Amino acid sequence: MSEYHYVFIRPGFPREQLVEDVGAACGAEMQPVDDEFIDYAVKLGRAAVELEFTHDYEEDRGMPFERYDSLFTVRDFDSNLERQEATARGIFERLAALGRYDLLLVRDLQEFLAASEARREP
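Residues numbered from 1 in each chain as written. Predicted model: local features only at pLDDT ≥ 70, side-chain atom pairs only at ≥ 80, totals over all residues. Heavy atoms only, no water.

Description of the nonpolar core
Generally speaking, soluble globular proteins have nonpolar side chains that are buried together. Going by this rule: What is meant by a nonpolar core is a set of buried Ala, Val, Leu, Ile, Met, Phe, Trp, Tyr and Cys residues, joined one to another through side-chain atoms within 4.5 Å. Note on exposure labels: buried denotes an accessible area under 20% of the residue type's maximum, exposed denotes more than 50%, and partly exposed covers the range between, all computed with a 1.4 Å probe on protein chains only. The contact rule is simple, with two residues in contact once any of their heavy atoms fall within 4.5 Å.
Judged by nonpolar contacts, the single largest core of 24 residues is most densely connected at V22 and F72. With sequence-adjacent residues up to four places away left out, F72 is seen in contact with H5, Y6, V7, I9, V22, V49, E50, L51, I91 and L95. Membership of the second largest hydrophobic core comes to nine residues, among which are Y6, F8, F65 and Y68.

Set out below in structure tokens:
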């Protein structure tokens, strides 16, 4: 069974801004996908990044998934978990640097890896 890395994002709107920011963090343009769950995706070498505008995940293991509007999944085609995590962390860090989003990085919806909060205006 494959493990994936997920980044939960709040706010998940405006959607156009989210797609643009995730694409910029990936270094590639996100493309719309005709899929029941995936809204946009991009291939990054041996990995895919798949963006979902909504999800049904609820709090689990102390991770408040329901607080986040959107998420993206990082999948390595060769199941190389080190490379997959490095890709996910890189995208996470570039999004965090924007200061627009609250972010939660997890491995396989089971393990907390990192969080970042948006910069709030005083």
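Having seen it, we continue.
A word on a negative patch on the surface
Stated formally: Every patch collects residues that have over 30% relative accessible area and no salt bridge, joining them within 9 Å if they carry like charges and within 5 Å if they are nonpolar side chains (Val, Leu, Ile, Met, Phe, Trp, Tyr). Exposure was quantified through the Shrake-Rupley algorithm and a 1.4 Å probe, taking into account, for residues, occlusion by the shown protein chains and nothing else. By definition, a salt bridge exists where a carboxyl oxygen of Asp or Glu is found within 4 Å of a side-chain nitrogen of Lys or Arg. Counted charges follow a simple rule, with Lys and Arg positive, Asp and Glu negative, and His plus the chain ends left uncounted. For charged residues, the charge sits on one atom: NZ in Lys, CZ in Arg, CG in Asp, CD in Glu. Strands are runs of DSSP state E lasting at least two residues, helices are runs of H or I lasting at least four, and both sets are numbered from the N terminus onward.
There is a patch of like negative charges on the surface, built from D56, E58, E59, D60 and E66. Note that E66 resides in the loop between strand 4 (47-52) and strand 5 (70-76). The exposure class assigned to E66 is partly exposed, which follows from its relative accessible area of 40%.

So, the side chain of S70
Put simply, the test is: What qualifies as a polar contact is a pair of N or O atoms within 3.5 Å, subject to a donor-acceptor requirement within protein and to the restriction that residues adjacent in sequence count only when both atoms come from side chains.
Take S70: it is sitting in strand 5. When its relative accessible area of 0% is taken as the criterion, S70 is described as buried. In this structure the side chain of S70 is engaged in a polar contact, spanning 2.8 Å, whose partner is the backbone oxygen of F53. If sequence neighbours within four positions are ignored, S70 has contacts with V7, F8, I9, G12, L18, E52, F53 and H55.

Things to note about the sheet that holds strand 3 (residues 40-44)
Put simply, the rule is: At least two bridges found by DSSP between two strands is the condition for calling them paired.
The strand order 2-3-4-5-1-6-7 describes an open sheet built from seven strands, whose pairing is antiparallel. The open sheet has two edge strands, strand 2 (31-32) and strand 7 (111-116), and neither has a second partner. Summarising the sheet, strand 4 and strand 5 pair through six bridges and their orientation is antiparallel. Counted as the bridge partner of A47 is D76 from strand 5.

So, helix 1 (residues 15-26)
Heads up, the rule is: Given the number of residues in a helix, its expected span is that number minus one, multiplied by 1.5 Å.
Between its first and last C-alpha atoms helix 1 spans 16 Å; for 12 residues at 1.5 Å apiece the expected length is 16 Å, and the two agree. For helix 1, the set of buried residues is L18, V19, D21, V22, G23, A25 and C26. Those residues of helix 1 that are buried are in contact with strand 1 (5-10), strand 3, strand 4, strand 5 and helix 2 (81-98). Phi for G27, located one or two positions after helix 1, is positive at around 80°.

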